[in-house]
Amino acid sequence: MKLSNIHSSKILAKELLIFDFDGTIIDSSPIHSRAFNLALSDYGFQINYHELKGLSTRDSLLKIFQENNKEMSENLLLKLTTLKQAYAQNFFQESITTINGFTECFKLLSNKKLCIASS
């Protein structure tokens, strides 16, 4: 987020600002990429997370296996979904930082009503 955008009179005139969490306040892509690659390490897949953005973990795994012409049972799908999500949760707890500039932006807008809306 660029601070120069915050100084816009249109933004400063608003009483309420709603932020999306991921991509505005934090960038979870590196965490999800690391979690997917770790969960899939025993299967020889190296994934590019940007090709999976917007998909659920389940749909991402199905896509990965389909694109690699590999069979996936429901049991394996459940196991890998649970494993990837557990890795991601651990990585989120270890370290998460805000996107560069968000803290300054937040301070500039501290007199506004601020909300987070996120999936």
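> Please set out the overall build of the protein chain residue by residue, giving values where relevant.
Check the secondary structure of the protein chain and you find six helices and two strands. By the compact-globule yardstick of 14 Å for 119 residues, the protein chain is too spread out, its C-alpha radius of gyration being 18 Å. Split into buried and exposed, the 119 residues of the protein chain put 31% on the buried side. Counting only contacts in the protein chain whose residues sit at least 6 apart along the sequence, the fraction spanning at least 24 positions is 67%. Surface summary for the protein chain: the accessible area is close to 8100 Å², and the carbon and sulfur share equals 50%.

> Please give an account of the side chain of lysine 84 that cites residues and values.
Tracing the backbone shows lysine 84 in helix H5 (residues 74–94). The side chain of lysine 84 sits in the buried core without any salt bridge; aspartate 22 is the nearest counter-charge, 9.4 Å away. Residues within four places of lysine 84 in sequence aside, it is in contact with His32, Ala35, Phe36, Ala39 and Thr57.

> Tell me about helix H3 (residues 29–39), and name the residues and values.
Among all positions of H3, only Ser29, Ile31, His32, Ala35, Phe36, Asn37 and Ala39 are buried. Summarising the contacts, the buried residues of H3 are in contact with helix H4 (57–67) and H5.

> Residues and numbers for the pattern of salt bridges, please.
Following the criterion strictly, the structure yields three salt bridges and no others. Linking glutamate 94 and arginine 34 is a salt bridge whose minimum nitrogen-to-oxygen distance equals 4.0 Å. A residue pair is termed long-range when its members are at least 10 positions apart, and glutamate 94 in helix H5 and arginine 34 in helix H3 qualify at 60 residues.

> Give a detailed account of unusual backbone geometry, specifying residues and quantitative values.
You will see that asparagine 69, though not glycine, has its phi angle at about 50°, which is positive. Note on placement: asparagine 69 falls in the loop between H4 and H5.

> Explain the environment of aspartate 22 to me, using residue names and the numbers behind them.
Among the structural elements, aspartate 22 can be located in the loop between strand S1 (16–19) and H3. When sequence neighbours within four positions are dropped, the list of residues in contact with aspartate 22 reads Asp27, Ser28 and Ser118. Separated by 2.4 Å, the side chains of aspartate 22 and serine 28 make a polar contact.

> Lay out the packing of aromatic side chains in plain terms, naming residues and giving numbers.
Tallied over the full model, the rule gives six aromatic pairs. When the centroid spacing of 5.0 Å and the interplanar angle of 75° are considered together, the rings of phenylalanine 45 and phenylalanine 65 count as edge-to-face. With phenylalanine 45 in the loop between H3 and H4 and phenylalanine 65 in helix H4, this pair connects stretches of sequence that are 20 residues apart. Across the pair, exposure class does not vary: phenylalanine 45 and phenylalanine 65 are buried alike. An aromatic cluster is defined as three or more aromatic residues linked by ring pairs; in this entry it consists of Phe19, Phe102 and Phe106.

Calculation notes
- Residues numbered from 1 in each chain as written.
- Predicted model: local features only at pLDDT ≥ 70, side-chain atom pairs only at ≥ 80, totals over all residues.
- Heavy atoms only, no water.
- Helix = DSSP H or I, 4+ residues; strand = E, 2+ residues; numbered from the N terminus.
- Rg over C-alpha atoms; globule rule 2.2 N^0.38 Å.
- Buried < 20%, exposed > 50% of the residue type's maximum accessible area, 1.4 Å probe, protein only.
- Contact = heavy atoms within 4.5 Å.
- Areas by Shrake-Rupley, 256 points an atom, 1.4 Å probe, with all protein chains shown as cover.
- Lys, Arg positive; Asp, Glu negative; His and termini not counted.
- Salt bridge = Lys/Arg side-chain N within 4 Å of Asp/Glu carboxyl O.
- Polar contact = N/O pair within 3.5 Å; in protein donor to acceptor, adjacent residues only side chain to side chain.
- Phe/Tyr/Trp six-rings, centres within 6.5 Å; stacked < 30°, edge-to-face > 60°.

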